[in-house]
Amino acid sequence: MSNAAPLSVTFSLTGRVITCGADEFVLDAALAAGMKIPFTCREGLCGTCKCKLVSGEVDMKHQGGIRPKEIAAGKFLPCCSRPLSDLVIEK
Amino acid sequence: MMGDIRALPARRRVGYTLEAAFYTDPEILKLDLDVIFGRHWIFVGVEPEVAEPGDCLTVDIGPHAIVVTRDDDMALNAFHNVCRHRGARLIEERHSNVGRVVCPYHQWTYGLDGALLFAGHMPKGFDKSCHGLKPVHVRSLAGLIFVCLADEPPADFAAMEQAMTPYLAPHDIAHCKVAHTEDIIEPGNWKLTMENNRECYHCSGAHPELTKSIFAEGFGFKPVGAAAEASAARFHALVDTLHGEWENIGVASREIDHLADCVTGYRTERLPLEDAGESETLDTRVACRKLLGRLSEKRLGALSFWTQPNSWHHFMSDHIVTFAVFPLTAETALLRTTWLVHQDAVEGVDYDKDNLIAVWHATNAQDSALVGKAGDGVRTTGYQPGPYSPDTEGLVEKFCVWYIDRLKAALA
C-alpha cells in the first residue's frame with residue numbers, strides 16, 4: 001500500500017488541493033500541507049476534526065468520536081481516516 | 001438568618017397555607033434546592049427525549065446542572081453537566097446527540113457512561129479513571145425519567161415503580177414521540193405552582209376548556225348541597241363502574257395515595273371524563289387517531305399521576321401530557337409541559353397539533369395567572385396563612401405536609 005500513488009484531496013470551501021498517501025491519515029496530510037484543521041485527540045475519540053466528506057471513500061478507524069448517524073450523513077474524522085479514492089472535503 | 005428559617009417548618013400550622021417566607025425568601029429557596037430538589041427523586045423528562053444512543057437531555061435545577069444520556073447499550077445514565085478539568089459546562093443544548101461528551105473548552109472527552117477517555121497534554125501518570133463525570137442517580141418509571149442528586153437516594157422509588165408500572169405501561173411511553181413542548185415562567189414560587197395543581201376548587205371559575213372534559217370531583221373536590229351531592233354520587237358510581245371495566249382489560253385504574261406518607265410521595269387514579277369520555281380535548285374525543293401502545297379502547301378517561309415534589313401527568317388513550325416544575329428564583333419557577341403521541345402518529349394526518357394542545361395550553365395560561373395572583377399577595381404585608389378547605393383542598397394540604405416533613409427530617 002505504501003507504494004500506491006498518492007491521492008488528491010480537494011477542500012471545496014477553500015479550493016485547496018493537496019495530496020495524501022494511501023497509508024497516510026487525511027488530517028496528517030492536511031496539516032503537513034499547512035492547512036488549519038481543528039483537532040485534539042488524533043485517535044478518533046473526541047470528534048474535534050469532524051468534516052463533511054462530499055465525495056470519495058475513506059477507511060476510517062474511529063473510537064466512537066463519530067456516530068453512525070453522522071457517518072450516514074456524510075461526516076468523517078480525518079484524524080483516523082486513510083483515503084481509498086480521491087476525496088472532496090467540505091472545508 | 002438561617003436560625004430563623006430552621007424554626008419555620010416546626011411552627012407550620014396544620015391545614016393552613018405556608019408562611020410568606022416559604023414563597024418569597026431566597027434563603028428558603030436555597031433550602032428547597034438543597035433538601036427537596038437535591039435529595040429526592042425529581043421528574044426531569046421522558047424517554048422519547050433520549051430515544052437513541054448518543055441522545056443527551058440537559059436539566060438545570062438551581063445550582064444543579066444535569067445531563068441524562070442514552071449510551072450505546074441503550075442504558076440511561078446521568079451526570080453533573082460540568083467538566084472535571086476546569087469546570088466548564090459540557091453540554092449547552094437541552095437536546096443533542098453526540099458520539100462522546102466533549103468539553104468545548106479543552107476537548108476533554110468522556111464516554112456516554114461518564115468515563116474520561118481523553119485529556120490532552122496531561123502529565124504521565126495522570127489517572128483518567130479518577131476524573132470521570134460525577135454520576136447522578138437516574139431511573140425510568142415506565143418511560144418517565146427521574147433523577148436524584150443525593151449520594152443515597154430514597155429507596156422507596158422501587159415501591160412506586162412496582163405500584164405504578166401497571167398503570168403506566170399500557171400507554172407505552174417509550175414508543176411515543178414528543179409532539180409539543182411549552183415552557184412557562186410561572187410568576188410565583190415553585191410551591192405555588194404545585195399547590196395550584198393539587199386542587200380543583202378553582203377549576204369551575206378558571207378553566208372553561210379543561211372542565212369540558214374533567215370532573216372536579218376527581219381532584220379532591222367534595223360537594224356541598226343536595227344537587228352537588230347527587231352529581232358527586234353519579235360521578236362516584238361512574239368511577240366504580242369504569243374502574244371495573246378498565247381493570248378487566250388490563251388497565252390499572254384504582255386510586256393509590258402516598259402523597260404524604262412516603263419519602264417518594266405520589267398519587268394516582270384513572271378518572272372518567274365527561275361526554276365522549278375519551279380525552280382532555282375541547283370535544284372530549286381523542287385528538288390523535290393512533291392510540292398509544294396496544295390500546296384499542298378510546299374511552300379510558302385520564303390517568304392522573306402526581307409526584308412529590310415537582311410533577312403531574314395525564315395519560316389518555318391517545319396522548320399523554322406531562323408537567324415538570326423547576327424553581328428559578330424565590331418568586332419564579334419554570335413549568336415545562338410536554339405532549340406525547342404514538343411515535344408513528346403523523347401530524348396533520350393522525351392529529352392536529354392545535355387541537356391536541358388546546359386544553360392544556362389554555363389551562364396553563366390560566367393557572368399561571370392564578371399563581372401570579374397568589375405570588376402578588378403573599379409578598380404583601382397583609383398576607384397571613386389562610387385555611388385550606390378540608391372538602392376540596394386535601395391534596396394541597398398533603399403537599400404541604402410532605403414538604404414540611406421533608407424539611408424537618410433534613411433539619412433534624
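Notes on the structure follow. Numbering of residues starts from 1 in every chain and runs along the sequence as written. Chains and ligands are labelled sequentially in the order written, the chains with letters from A and the ligands with numbers from 1. Restriction of local features to residues with pLDDT of at least 70 applies here, the model being predicted, together with a cutoff of 80 or more for giving and counting side-chain atom pairs; totals for whole chains, interfaces and linings are based on all residues. Hydrogens and water molecules were not included; the side-chain quantities draw on all heavy atoms of the structure.

## Structural notes on the overall build of chain A
Here a strand is any run of E in DSSP of at least two residues, a helix any run of H or I of at least four, and the numbering for each starts at the N terminus. Across its full length, chain A carries two helices and seven strands. Reading the helices (α) and strands (β) of chain A from amino to carboxyl end gives β-β-α-β-β-α-β-β-β. Computed over the C-alpha atoms, the radius of gyration of chain A is 12 Å, within 12% of the 12 Å expected from 2.2 N^0.38 for a compact globule of 91 residues. With the principal axes as the frame, chain A shows a C-alpha extent of 30 × 30 × 25 Å. Residue burial is assigned from relative accessible area. The probe radius is 1.4 Å, only protein chains are included, and a residue is buried under 20% of its type maximum, exposed over 50%, and partly exposed in between. The 91 residues of chain A split such that 41% are buried. In these tables, accessible area is a Shrake-Rupley quantity obtained with a 1.4 Å probe, and a residue counts as shielded only by the protein chains included in the view. A total accessible area of about 4500 Å² is found for chain A, and carbon and sulfur atoms account for 53% of it. Asp and Glu are treated as the negative residues and Lys and Arg as the positive ones, with His and the ends of the chain left uncounted. By convention, the charge on Lys lies at NZ, on Arg at CZ, on Asp at CG and on Glu at CD. Charged side chains of chain A number 11 positive and 9 negative; the gap between the two group centres comes to 8 Å. Throughout, the radius of gyration refers to the C-alpha atoms, and the reference size of a globule is 2.2 Å times the residue count to the power 0.38.

## Notes on the sheet that holds strand E2 (residues 55-61) of chain B
All names here are of chain B. For two strands to count as paired, DSSP must find a minimum of two bridges between them. Taken in spatial order, the four strands of this open sheet run E4-E3-E2-E5, and their pairing is antiparallel. The strands lining the two open edges of the sheet, one partner per strand, are strand E4 (76-80) and strand E5 (95-97). Here the average twist between neighbouring strands, direction ignored, is 25°. Working convention: axes come from line fits to C-alpha atoms, limited for helices to the stretch in contact. Angles between N-to-C directions cover 0 to 180 degrees.

## Here's the deal with unusual backbone geometry
Residue and element names in this part refer to chain B. A cis geometry characterises the amide bond from Gln308 onward to Pro309, with omega recorded as 0°. Structurally, Pro309 is set in the loop between strand E14 (302-307) and strand E15 (311-315). Although it is not a glycine, Asp172 adopts a positive phi angle of roughly 45°. Relative to the helices and strands, Asp172 is located in the loop between helix H4 (157-168) and strand E11 (176-186). When its relative accessible area of 27% is taken as the criterion, Asp172 is described as partly exposed.

## Quick word on the nonpolar core
In globular proteins that are soluble, nonpolar side chains generally tend to be buried together. Buried Ala, Val, Leu, Ile, Met, Phe, Trp, Tyr and Cys residues form a nonpolar core when they are joined through side-chain atoms within 4.5 Å. In this structure, B:Val68, B:Leu144, B:Val147, B:Trp190, B:Phe305 and B:Tyr403 are the most contacted members of the largest nonpolar core, which totals 108 residues. Examining the composition of this core, we find that eight residues originate from one element, helix H9 (residues 394-411) of chain B, more than from any other. Contact between two residues is taken to exist if any of their heavy atoms lie within 4.5 Å; hydrogens are not considered. Apart from the residues lying within four places of it in its own chain, the contact partners of B:Val68 are B:Val44, B:Val50, B:Asp55, B:Cys56, B:Leu57, B:Leu76, B:Asn77, B:Ala78, B:Val138, B:Ile145 and B:Val147. In this structure, A:Cys49, A:Met60, A:Leu77 and A:Leu87 belong to the second largest nonpolar core, which totals 21 residues.

## Brief notes about the state of the cysteines
The bond known as a disulfide is covalent and runs between the sulfur atoms of two cysteines. Residues and elements named next belong to chain A. Here, two cysteine sulfur atoms that lie within 2.5 Å of each other are counted as a disulfide. Inspection of the entire model under this criterion finds one disulfide over all chains. You can see Cys20 has no disulfide; the closest cysteine sulfur is in Cys51, sitting 13 Å from it. Its sulfur unpaired, Cys51 is 6.4 Å from the next cysteine sulfur, which belongs to Cys49.

## A word on the environment of B:Lys398
Relative to the helices and strands, B:Lys398 is located in helix H9. Note: C-alpha distance between B:Lys398 and B:Gln308 (90 residues apart in sequence) is 9.8 Å.

## A look at the interface of chain B and chain A
Between chain B and chain A, the contact holds 16 residues from the first and eleven residues from the second. Accessible area, probed at 1.4 Å, shrinks when two parts are joined; the buried area is that loss added up over both. Buried surface at the junction of chain B and chain A, summed over both partners, amounts to about 970 Å²; 52% is from carbon and sulfur atoms. Take a side-chain nitrogen of Lys or Arg and a carboxyl oxygen of Asp or Glu: if they are within 4 Å of each other, that pair is a salt bridge. Seen at the junction of chain B and chain A, the total is two salt bridges. For the purposes of these results, a polar contact is taken to be a pair of N or O atoms within 3.5 Å, where, inside protein, one atom must be able to donate a hydrogen and its partner to accept one; residues adjacent in sequence count only when each atom of the pair is a side-chain atom. Connecting chain B to chain A are seven residue pairs in polar contact (both at pLDDT 80 or more). Residues were grouped as follows: Ala, Val, Leu, Ile, Met, Phe, Trp, Tyr, Cys and Pro as nonpolar; Asp, Glu, Lys and Arg as charged; and all remaining residues, including Gly, as polar. The residue inventory of the side of chain B that touches chain A, partitioned by class, reads six nonpolar, six polar and four charged.

## A short note on the pattern of salt bridges
Residues and elements named next belong to chain B. Under the criterion given, the structure shown has 24 salt bridges over all chains. Here Arg70 makes a salt bridge to Glu47, at a shortest N to O gap of 2.7 Å. Separated by 23 residues along the polypeptide, Arg70 in strand E3 (residues 64-70) and Glu47 in the loop between strand E1 (42-46) and E2 bring together distant segments of the chain. Comparing Arg70 with Glu47 shows no difference in burial state: the two are buried. Of the charged contacts, one joins Arg336 and Asp183 as a salt bridge, the two residues approaching to 2.9 Å between their closest N and O atoms. With Arg336 in strand E17 (residues 332-342) and Asp183 in strand E11, this pair connects stretches of sequence that are 153 residues apart. The exposure class of Arg336 is buried, given its relative accessible area of 11%. Taken together, the salt bridges that share partners define one network made up of Glu255, Asp257, Arg267, Glu269 and Lys398.

## Considerations on H4(B)
All names here are of chain B. Turning to H4, its buried residues number three or more, namely Phe157, Met160, Met164, Tyr167 and Leu168. For H4, the angular spread of the buried residues around the axis is 80°, confining them to a single face. Its buried side turned inward, H4 meets strand E9 (137-141), strand E10 (144-148), strand E12 (256-258), strand E13 (266-271), E14 and E15. The arc refers to the directions leading from the helix axis to the C-beta atoms.

## Overview of the side chain of B:Thr322
All names here are of chain B. Tracing the sequence through the fold places Thr322 in strand E16 (residues 320-329). Looking at Thr322, the relative accessible area reads 1%, which means it is buried. Once residues within four sequence positions are removed from consideration, Thr322 is found in contact with Phe43, Val46, Leu144, Trp312, His313, Arg336, Thr337, Thr338 and Leu340.

## Looking at the packing of helix H3 (residues 26-39) of chain B against H9(B)
Residue and element names in this part refer to chain B. Where H3 meets H9, the axes come as close as 10 Å, and the angle between the chain directions of the two elements is 90°. Considered as vectors, H3 and H9 are oriented roughly perpendicular to each other. Residues Ile28, Leu31, Asp32, Val35, Ile36 and Arg39 of H3 form the contact with H9, whose own contacting residues are Trp402, Tyr403, Arg406, Leu407, Ala410 and Leu411. Residue composition of the contact of H3 with H9, by class: nine nonpolar, no polar and three charged. Roughly parallel means an angle under 35 degrees; roughly antiparallel means over 145; roughly perpendicular covers 65 to 115; every other angle is labelled oblique.

## Focus: the packing of aromatic side chains
Residue and element names in this part refer to chain B. Centre distance within 6.5 Å is the pairing criterion for rings of Phe, Tyr and Trp, where only the six-membered ring of Trp is used; planes under 30 degrees apart are then read as stacked, over 60 as edge-to-face, and the remainder as tilted. With the rule as written, the count across this model stands at 13 aromatic pairs over all chains. Between the aromatic rings of Trp190 and Phe399, the centroid separation amounts to 5.9 Å while the plane-to-plane angle is 80°, which identifies the pairing as edge-to-face. Taken together, the positions of Trp190 in helix H5 (residues 190-197) and Phe399 in helix H9 put the pair 209 residues apart, joining distant regions of the chain. For the pair shown, Trp190 and Phe399 are each scored as buried. One aromatic cluster in this structure is built from Phe22, Phe37, Trp190, Phe399 and Tyr403. Directly above the ring of Tyr16 sits Arg13, whose terminal nitrogen or CZ lies 3.9 Å from the centroid. In our convention, an over-ring charge means Lys NZ or Arg CZ found within 6 Å of a ring centre and within 35 degrees of that ring's normal.

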